[in-house]
Amino acid sequence: MQERAGNEPSPALGAIASAFVAARREGHALGAFPGAVPATMAEGYAVQELAIARFPDAVVGWKVGAIARPQRERDGDARLVGPIFRRALRRAIGDEPVRFPVFDGGFAAVEAEFVFRLAGDAVPDKHRYDADEAAALVASMHVGIETAGSPLATINALGPTVVVADFGNNAGLILGPAIASWRARTPESLTCETFVAGASVGRGSAASIENGPLAALAFALGHLAARGRPLKAGDCVTTGAVTGIHDIVAGQSAHVVFDGIATLRCVAVAHGTAA
């Protein structure tokens, strides 16, 4: 699905990708989906590939998100992925709030995440993984906040084919500290609570992720290898919104208390003003 010489993309899909890339680069909202909504996940990922090729930054990780059961294609995947770019990977340092940009008139949210960082490269032609095989590739497990975002305010309402078309509705990752002895922890023991503007908006644990965080990583490993994008050493992979998807606007702050591990703090700012 990647854009290559001699394999010219559909002009319609290319126009969608270009519209999203331009909106993200310029920081402006889109009033409507810029073309015909992709009819299948394959079409959505084709747009994503074209947009990655046209976006002026390197991919350093991937977000994994769940697809609601009523929205899944028959015999289709339960999850979707989107790229995390180098400039959108921010590291939490102590108690200092991390600033991140949001699109005025677009969509923005924060999501509490458990994040894997890979120790080694995945096998390029291996397209199926189980949890144990995925765990063998992990260097560390971290706490984090996905800063979900899109120039299109209605992205989630339009369904998963639209979500994957626009980078999986990802606008960045705030990476927190590693979890000590993570292999000895059960998903039920990894709990957290999210606050926006000082109010609690959700509480949960890694057990809320279907079949657990390693299942999400296993999906990403197989899916991306099949796309010709096998994961590499150092890549970060988020595993799913643990407490939900929580809307945020410029000027609001948020924090996530990862019980017994760390508290991550962030503040949404207008596009173009984040550090």
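Scoring rules and cut-offs
- Residues numbered from 1 in each chain as written.
- Predicted model: local features only at pLDDT ≥ 70, side-chain atom pairs only at ≥ 80, totals over all residues.
- Heavy atoms only, no water.
- Pairing = 2+ DSSP bridges.
- Helix = DSSP H or I, 4+ residues; strand = E, 2+ residues; numbered from the N terminus.
- Axes fitted to C-alpha atoms, helices over the stretch in contact; angles between N-to-C directions.
- Expected span 1.5 Å × (residues − 1).
- Buried < 20%, exposed > 50% of the residue type's maximum accessible area, 1.4 Å probe, protein only.
- Core = buried A, V, L, I, M, F, W, Y, C linked by side-chain atoms within 4.5 Å.
- Salt bridge = Lys/Arg side-chain N within 4 Å of Asp/Glu carboxyl O.
- Phe/Tyr/Trp six-rings, centres within 6.5 Å; stacked < 30°, edge-to-face > 60°.
- Lys NZ or Arg CZ within 6 Å of the ring centre and 35° of its normal.

Q: Any chance you could explain the sheet that holds strand β4 (residues 98–102) here in plain terms?
A: Within a sheet, each strand pairs with its neighbour through backbone hydrogen bonds, oriented either parallel or antiparallel. The strand order across the open sheet built from 5 strands is β4-β13-β12-β8-β9, with neighbouring strands paired in mixed fashion. Looking at strand neighbours, the two that pair on one side only are β4 and β9 (199–205), the edges of this open sheet. Taking the axes of each pair of neighbouring strands and ignoring which way they run, one obtains an average angle of 25 degrees across the sheet. By the bridge criterion, 5 bridges tie strand β8 (residues 191–196) to strand β12 (residues 253–258) in an arrangement that is antiparallel. Looking across to β12, one finds that Thr194 is bridged to Val256.

Q: What is the right way to look at helix α5 (residues 213–226) in this model?
A: Within an α-helix, residues lying three or four positions from one another point in the same direction, as the helix has 3.6 residues per turn. Over its 14 residues, α5 extends 20 Å from the first C-alpha to the last, a length consistent with the 20 Å expected when each residue adds 1.5 Å. Most of α5 sits out of view: 12 of its 14 residues are buried. Within the span of α5, buried status applies to Pro213, Ala215, Ala216, Leu217, Ala218, Phe219, Ala220, Leu221, Gly222, His223, Leu224 and Ala225. One or two residues past the end of α5 sits Gly228, with phi positive at roughly 80 degrees.

Q: Mind showing me how you'd approach the nonpolar core here?
A: Nonpolar side chains in soluble globular proteins tend to be buried together. With 76 residues, the main nonpolar core has Phe114, Leu217, Leu221 and Leu231 as its most contacted residues. Examining the composition of this core, we find that 8 residues originate from one element, strand β5 (residues 107–118), more than from any other. Ile84, Val115, Leu173 and Leu175 belong to the second-largest nonpolar core, a separate cluster that totals 5 residues.

Q: Looking at this structure, how should I read the pattern of salt bridges?
A: For side chains of opposite charge, pairing can occur when their charged atoms come near one another. This structure, assessed with the given rule, holds 11 salt bridges. As a salt-bridge pair, Arg229 and Glu49 come within 2.9 Å of each other at their nearest N and O atoms. Here Glu49 lies in helix α2 (residues 41–54) and Arg229 lies in the loop between α5 and β10 (236–238), a separation of 180 residues in the sequence. You'll find Arg229 and Glu49 in the same group, each marked buried. Residue Glu210 pairs with Arg69 through a salt bridge whose shortest N-O separation is 3.6 Å. With Glu210 in the loop between β9 and α5 and Arg69 in the loop between β1 (59–66) and β2 (79–85), this pair connects stretches of sequence that are 141 residues apart.

Q: I'm lost on the pairing of strand β13 (residues 262–270) in this one. Help?
A: Regular strands have side chains that alternate between both faces of the sheet. As defined by bridge partners, β4 adjoins β13 across 5 bridges and the pair is classed as parallel. What sits directly across from Pro101, in β13, is Val269. Judged from the 6 bridges that link them, β12 and β13 form a sheet pairing that is antiparallel. Paired with His255 across the two strands is Arg265, which belongs to β13. Linkage of β12 to β13, two consecutive antiparallel strands, is achieved through a turn of 3 residues, within which Gly260 is found at a positive phi near 75 degrees.

Q: Would you mind showing me how to read the packing of aromatic side chains here?
A: Aromatic ring pairs are defined here through the distance separating the ring centres and the angle between the ring planes. Taken as a whole and assessed by the stated rule, the structure comprises 6 aromatic pairs. Through successive ring pairs, a cluster of aromatic residues spans Phe55, Phe85 and Phe167. Positioned over the ring face of Tyr129 is Lys126, at 4.8 Å from the centre of the ring.

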